[in-house]
Amino acid sequence: MRATPSAVQGAGISLILVTGAIHFIDAPSSFGDATYKGLLFLANGIAAIVAAFGIYRGERSWGWGLGVLVAGGALVGYVISRTLGLPGLAPDIWLEPLGILSLIVEAAFLVLFARSRRGAPPEA
């Protein structure tokens, strides 16, 4: 029988699923900007679901690791898209509400991951 996920796992699952949901919501308009951008948004959403499953199963390396890639990659991508611009696209506006929410959720996931690792025993 599976143990109930810890509070940290529950928070991690919630945050990474919100990250994925935001990217699924924004994917259709991202396809209008550039096909590759829409595909990246869909990939983010799918990877977030896979990461949430891994976190639920207690997979510290691939579940949380994939979550870090999803959240960290999205956060870095947001900053790049607002400063340098993505290939073939001009820099986007900074203060888009869904984008700001995404930044907050992604940063919260990364902080949760970092704090949960401080007291974690070494993996075998």
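Right, let's walk through the structure included here. Please read all numbers here as calculations on a predicted model, not as lab measurements.

### A look at the layout of surface pockets
Rolled over the atoms, a probe as big as a water molecule pinpoints where empty space is left.
In step 1: Here the largest pocket is characterised by a volume of approximately 480 Å³.
In step 2: As for the largest pocket, its lining consists of 26 residues, and the residues nearest its centre are H23, K37, F41, A74 and Y78.
In step 3: Secondary structure elements with two or more residues in the lining of the largest pocket: α1 (7-33), α2 (35-56), α3 (60-83) and α4 (97-118).
In step 4: Here the lining of the largest pocket takes eight residues from α3, the largest share from any one element.
In step 5: For the lining of the largest pocket, the class distribution of residues is ten nonpolar, nine polar and seven charged.

### As for the packing of α2 against α3
In step 1: Two elements in contact, α2 and α3, have axes separated by 7 Å at closest approach and are oriented at 150 degrees. Judged by the angle between their axes, α2 and α3 are roughly antiparallel. Here the hand of the crossing between α2 and α3 comes out left-handed. Each of N44, A47, A48, V50, A51, F53, G54 and I55 in α2 lies in contact with α3, whose residues at this interface are W62, G63, W64, L66, G67, V70 and A74.

### Describing α3
In step 1: With 24 residues, α3 extends 33 Å from end C-alpha to end C-alpha; this agrees with the ideal 34 Å at 1.5 Å per step.
In step 2: For α3, the set of buried residues is G63, W64, G67, V70, A71, G72, A74, Y78, S81 and R82.
In step 3: On its buried side, α3 packs onto α1, α2 and α4.
In step 4: Positive backbone phi, approximately 90 degrees, marks G85, located one or two places after α3.

Conventions we followed
Residues numbered from 1 in each chain as written. Predicted model: local features only at pLDDT ≥ 70, side-chain atom pairs only at ≥ 80, totals over all residues. Heavy atoms only, no water. 1 Å grid on protein atoms, 1.4 Å probe; cavity = no way out; pocket = protein on both sides within 12 Å on 5 of 7 lines; lining within 4 Å. Points joined across faces, edges and corners; volume = space filled by probe spheres on them. Helix = DSSP H or I, 4+ residues; strand = E, 2+ residues; numbered from the N terminus. Nonpolar A, V, L, I, M, F, W, Y, C, P; charged D, E, K, R; others polar. Axes fitted to C-alpha atoms, helices over the stretch in contact; angles between N-to-C directions. Parallel < 35°, antiparallel > 145°, perpendicular 65-115°, else oblique. Left-handed = near helix turned anticlockwise from the far one by under 90°. Contact = heavy atoms within 4.5 Å. Expected span 1.5 Å × (residues − 1). Buried < 20%, exposed > 50% of the residue type's maximum accessible area, 1.4 Å probe, protein only.

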